[in-house]
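These are the residues of each chain, in order.
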Amino acid sequence: MTESSLPPDHALARRTILKGAGVGVGAGLVSGLASAAQAQTTGAGAAPAGDGPVWSAEYWAKKGDVRLNLWRSASASRNRASSRCRCCSWWHGSSNSTRSSYDLAVPGKGEYSFMNVFARYGYDVWTMDHDGYGRSGSSGNNSDIASGIEDLKAAIPVVLQETGQRKMHFYGTSSGAIRAGAYAQAQPERVDRLVLVAFTYKGTGAPEIGRRAARVDELRANTRRKRDAAMIRSIFTATGMRRSYDPAVAEAIIAEEMKFGDQIPTGTYLDMAVNLPKVDPAKVLSPVLMIRGIHDGNSTNEDLIDFYRQLPNGDRQFVILPHTAHSPGYSNNRHLLWYAVRNFLAAPAPVVS
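Source: prediction; values computed, not measured.

Asker: Describe in detail the pairing of strand β4 (residues 87-91), supporting the description with residues and values.
Answerer: Buried residues dominate β4, accounting for five of its five residues. Pairing between β4 and strand β7 (residues 124-128): five bridges, direction parallel. Along β7, the bridge assignment pairs S89 with W126.

Given below as structure tokens:
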């Protein structure tokens, strides 16, 4: 399904600079510092998203014999053709498919759809279910990071053809951030700005990575693992930060994900247990925003700052979200995530000396 046109673009919102204790992240993390900036907002700064209608459509890409499901959202009041890159893609993590990750409806609990929010900011937003997840077909493999890169190579030409763009912004969460970073390394010419949320570099000292390493024999022996309602609820309770999430969020995810059964691929869990790092920071050439929740058990500040310091592009930021664990998009503080991402994507081009 496609749409031939969308109405004219919104004016680009004024960019604001995040400020935190000790380090201004608008200027990036200064090399040699041991702490990172904490994102804060009091409602000032970038204007809130509108509440107009959002246009959505479904598309398909093919990776060999596997059909990959793409989902697109944009404001009904903007034109998809724009001189500025306003096209972006969100890539999901290990345990949930894309629509429950980025287009979730939680009745009576406010906005949880990342896609709706950024569509109303004026972005043309795309997502995709990876091989073996959600509405996409399955090759029968374990859908590891390497498989995910092939998924992206199949899907991105569809996005670029439909939008008329030569490159786009990339956003990934958890293993989706690893996929996005690895794709940016493999095909830098397609990536404008890159957002890595809940990313893991080497995983050194991260409790969750240690737990996965203890399951390595099981993960190697099976291409799929159990992901039932209890497991989804545990995402929000295992960290001790259960009050950072509304319990209704887990139930909304369960209602969406159980349509596809209680089994999902093991590949990204296995890669994160024993095959890290999967991304070489020196080969990621685009501007990069790294965001983590302060209580994220999939990484440590030291692990991520090690990656951050090696990035060659001076246009980079590192943001820590307060009172947030591994899944900031589902959290009570998701508005801080939206704020940080929006300001990064809307940054004006630097003046070259």
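Having put the structure on the table, let's press on.
Asker: Could you give an account of the pattern of salt bridges, naming the residues involved and the relevant values?
Answerer: When the charged atoms of two side chains lie near each other, side chains of opposite charge can form a pair. Taken as a whole and assessed by the stated rule, the structure comprises 17 salt bridges. Salt-bridge contacts for E251 lead to R233; the nearest nitrogen and oxygen are separated by 2.8 Å. A residue pair is termed long-range when its members are at least 10 positions apart, and E251 in helix α8 (residues 247-257) and R233 in helix α7 (residues 229-237) qualify at 18 residues. In this structure E251 comes out as partly exposed when scored by relative accessible area, which is 38%. Salt-bridge contacts for K259 lead to E256; the nearest nitrogen and oxygen are separated by 3.0 Å. When its relative accessible area of 58% is taken as the criterion, K259 is described as exposed. The buried category is assigned to E256, whose relative accessible area is 14%. Taken together, the shared-partner salt bridges in this structure form one network comprising K63, D131 and D151.

Asker: Can you tell me about the packing of helix α3 (residues 145-163) against helix α4 (residues 175-186), naming the residues and giving the values?
Answerer: At a closest axis distance of 9 Å, the pairing of α3 and α4 adopts a crossing angle of 65°. Our pair here, α3 against α4, has a crossing hand that is right-handed. Contact residues: I145, G148, I149, L152, K153 and I156 in α3; S175, I178, R179, A182 and Y183 in α4. Residues of the contact of α3 with α4, tallied by class, amount to seven nonpolar, two polar and two charged.

Asker: Got a sec to walk through the side chain of T300? Specific residues and values, please.
Answerer: Tracing the backbone through its elements, the reader meets T300 in the loop between β12 (288-293) and α10 (301-310). The exposure class of T300 is buried, given its relative accessible area of 16%. Each residue touching T300, except ones within four places of it in the same chain, is listed here: T204, G205, A206 and R292.

Asker: If you had to explain the packing of α7 against α8 to someone new, which residues and values would you point to?
Answerer: Orientation of α7 relative to α8, taken along the N-to-C sense of each, is 145°, at an axis distance of 9 Å. Helix-helix and strand crossings are classified by hand; for α7 and α8 the assignment is right-handed. Residue-level inspection shows A229, I232, R233 and F236 of α7 in contact with α8, the latter providing V249, A250, E251, I253, I254 and E257. The residue makeup of the contact of α7 with α8, split by class, is seven nonpolar, no polar and three charged.

Asker: Describe the nonpolar core, listing the residues and the values that go with them.
Answerer: Membership of the largest hydrophobic core comes to 49 residues, with the highest contact counts inside it found for L70, F170, L194, L196, F199, M290 and F307. Not counting the four nearest positions on each side in its chain, F307 is found in contact with L196, F199, Y201, V279, P281 and M290. Counting residues in hydrophobic clusters, the runner-up holds 27 residues, among them F114, V125, A198 and A346.

Asker: Could you give an account of the packing of aromatic side chains, with specific residues and numbers?
Answerer: For any pair of aromatic rings, the description consists of the separation of the ring centres together with the inter-plane angle of the planes. Scanning the model with the defined rule gives 18 aromatic pairs in all. Where W90 meets F118, the ring centres are 5.5 Å apart and the plane angle is 90°; that geometry is what we call edge-to-face. Note that W90 is positioned in strand β4 and F118 in helix α2 (residues 114-120), a separation of 28 residues in sequence. Centre to centre, the rings of Y102 and F114 are 6.2 Å apart; their planes meet at 75°, and the pair counts as edge-to-face.

Conventions we followed
Residues numbered from 1 in each chain as written. Predicted model: local features only at pLDDT ≥ 70, side-chain atom pairs only at ≥ 80, totals over all residues. Heavy atoms only, no water. Buried < 20%, exposed > 50% of the residue type's maximum accessible area, 1.4 Å probe, protein only. Helix = DSSP H or I, 4+ residues; strand = E, 2+ residues; numbered from the N terminus. Pairing = 2+ DSSP bridges. Salt bridge = Lys/Arg side-chain N within 4 Å of Asp/Glu carboxyl O. Axes fitted to C-alpha atoms, helices over the stretch in contact; angles between N-to-C directions. Left-handed = near helix turned anticlockwise from the far one by under 90°. Contact = heavy atoms within 4.5 Å. Nonpolar A, V, L, I, M, F, W, Y, C, P; charged D, E, K, R; others polar. Core = buried A, V, L, I, M, F, W, Y, C linked by side-chain atoms within 4.5 Å. Phe/Tyr/Trp six-rings, centres within 6.5 Å; stacked < 30°, edge-to-face > 60°.

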